[in-house]
Every structure is written in C-alpha cells, then in structure tokens.
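Each chain, written out:
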Amino acid sequence: MLEAAVQHLQSRAARRPAVAVVLGSGLGGFAGELDGRIEIPYAEIPGWPCPAVAGHAGQLVLGRLGNLDVAILAGRVHLYEGWTAAQAAFGVRVLGKLGVRTVVFTNAAGGINTDYARGSLVLIRDHINLQGANPLAGAHDESLGPRFPDMSEAYPERLRGIAREVAAGLGIRLPEGVYAAVLGPSFETPAEIRFLRTIGADLVGMSTVPEVIAANQMGLQVLAISCVTNMAAGLQSGKLSHQEVLETGEAVRGALIRYLKALLPRLES
Ligand code: HPA
C-alpha cells in the first residue's frame, strides 16, 4: 500500500522533499508560501485516507521555500472519524519513504495549563497517548524501522532549541508543554481535564500522536506545535465548539505562517 503511494508521487514530481509540514484544523494557508507548487489531492494518491471534516482541505502540496524542498500535508485524518492509527500515520510514512528527514506537525489543542491563553502557540515537549491505539500495532513491517522504537526523545531537544530561537527572533512567545492525545470527537469533561492536568498534560487534542510515533519509528526528526484554540473544558466560560477551534486557528494562521517560513530553513542547515 505504501509503495504504490510512493511510486505515484515519484512519478508526479521530480524533486524530493526534505522537510514536511502537517497542518492541523483551521491552520491551512501555509501551502500558499511555496514556490513551484504541485498540489495533489489525497484522493488521487493510491491508499491515501481522505479527511471528511470541515477545515481539512485534504491535499499534499510539494514545492520550495528558498532552496528547501518542502512537502505540506494540508489536512489529516483522525481516529474519531473511524480511521485506524496506521491510516492516520499513512501520509507521514509515505513522506518518510520519499526521503523526508524532518517533520513539523501542527495541531489545534485545548489548553490545560493556565499559563496559556486562547491563541497561544505551544511547542510540544512530550506526549501522553490516551487514544488506546498505536500505528505500530499489528504485523511488523521491517522496512519502517524497529519493532519496539525508543520514544524517550520523541521531540528532540536539538530541534526544540532551534524552534525556540526562531520564535524569540520574531518576538513570538513559545512555551513548551506536554500534549495528551485523546480519541474524541466529544470534547472532554471538566473532570477529565482535571485528570489530564494531574497526570502531567498541558494540552489536549485528538491528533498528531499516531503520526509522531510512526515518524520516530522511521528515525525522522520531529517538531510539533500546538495552537491553543480554546482553553479546555471547565477553564473557560461558555461551551466548547468546533467552530471556536476553527475561528481561533484562522486568527493565529498569519503568525503561524510567518513563524514556519522563518523556521523551516533553519531545520535543515
Ligand atoms: N479538546 C480536545 N481536542 C481539541 C480541543 C479540546 O479542547 N481543542 C482543539 N482540539
């Protein structure tokens, strides 16, 4: 399945991306920054799972940022849509096989740490997988890496250091936090948020972790940034809604684009 997708992409684009960016809910737009863009709808790539949620466009964009070859995954699939963790990781695995060495993930998340505010960008330092699923479960494919990959530095300090430096240079505040991945799609209860805080989570979201696990297995360098689209249940007045998630994503998009433009060239030097 992976091989068919890899071959398809090799046949459609001569250049090979070195860095990939995965754009989360409402965080699209960065793809417009690439020169010499080739846009490939997921539906045209063999085996590629297609997202169905509003706010996820669903295409792979290949192009260049200066001298750097970049792949952007605009839209991802989620476990709450019924996809498996391996399907959620499919795109990252294909890009890894295409030669990508570094993946920058973005996502929308609820803020648990009260130092954050709606609209904050947070660098993920570590995660807690509460999705009850792992993309590596099932038959082992040796071509992807070890059966039991180490996850003790899933978000390497070296890249986080660069990420902090670039943020400081732009005057963007970029605290670090631990991301708890839940299945969704219902938002959490206030009791669940208190539990998540107790176990060490600063952020909660419904994505990213399956992809990060698959990327680590392949030996790819990972960086992940959450956009706090809302404070988590019980920490803000009013009800949580997907609409709020999309609206905050939209509001932060400009800052995120500026940041990614400055960040990506630094990751491959
Ligand atoms: N909870 C879980 N996932 C989310 C949230 C949230 O509050 N906001 C954005 N994604």
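Up top is the structure these notes are about.
Nothing here was measured: the structure is a model prediction, and the numbers come from that model.

A. Structural view of the pattern of salt bridges. Under the criterion given, the structure shown has 14 salt bridges. Glu 39 is the partner of Arg 37 in a salt bridge, and the nearest nitrogen-oxygen pair spans 3.5 Å. Residue Arg 37 is classed as partly exposed on the basis of its relative accessible area of 39%. For Glu 39, a relative accessible area of 42% translates into the label partly exposed. Salt-bridge contacts for Glu 211 lead to Arg 76; the nearest nitrogen and oxygen are separated by 3.0 Å. Of this pair, Glu 211 sits in helix α6 (residues 209-217) while Arg 76 sits in the loop between β4 (68-74) and α2 (85-88), and the two are 135 residues apart along the sequence.

B. Structural context of the packing of aromatic side chains. Under the counting rule described, the total for this entry stands at two aromatic pairs. Seen in terms of ring centroids, Tyr 42 and Trp 48 are 4.9 Å apart; in terms of plane orientation they differ by 15 degrees. Their pairing is stacked. Ring geometry for Trp 48 versus Phe 90: centroids 5.8 Å apart, planes at 75 degrees, classification edge-to-face. On the criterion of sequence distance, the pair formed by Trp 48 in the loop between β2 (35-41) and β3 (59-65) and Phe 90 in helix α3 (residues 90-98) is long-range, its members being 42 residues apart. Residue Trp 48 shares its accessibility class with Phe 90, and that shared class is buried. Members of the aromatic cluster, connected to one another through ring pairs, are Tyr 42, Trp 48 and Phe 90.

The rules behind the values
- Residues numbered from 1 in each chain as written.
- Predicted model: local features only at pLDDT ≥ 70, side-chain atom pairs only at ≥ 80, totals over all residues.
- Heavy atoms only, no water.
- Salt bridge = Lys/Arg side-chain N within 4 Å of Asp/Glu carboxyl O.
- Buried < 20%, exposed > 50% of the residue type's maximum accessible area, 1.4 Å probe, protein only.
- Helix = DSSP H or I, 4+ residues; strand = E, 2+ residues; numbered from the N terminus.
- Phe/Tyr/Trp six-rings, centres within 6.5 Å; stacked < 30°, edge-to-face > 60°.

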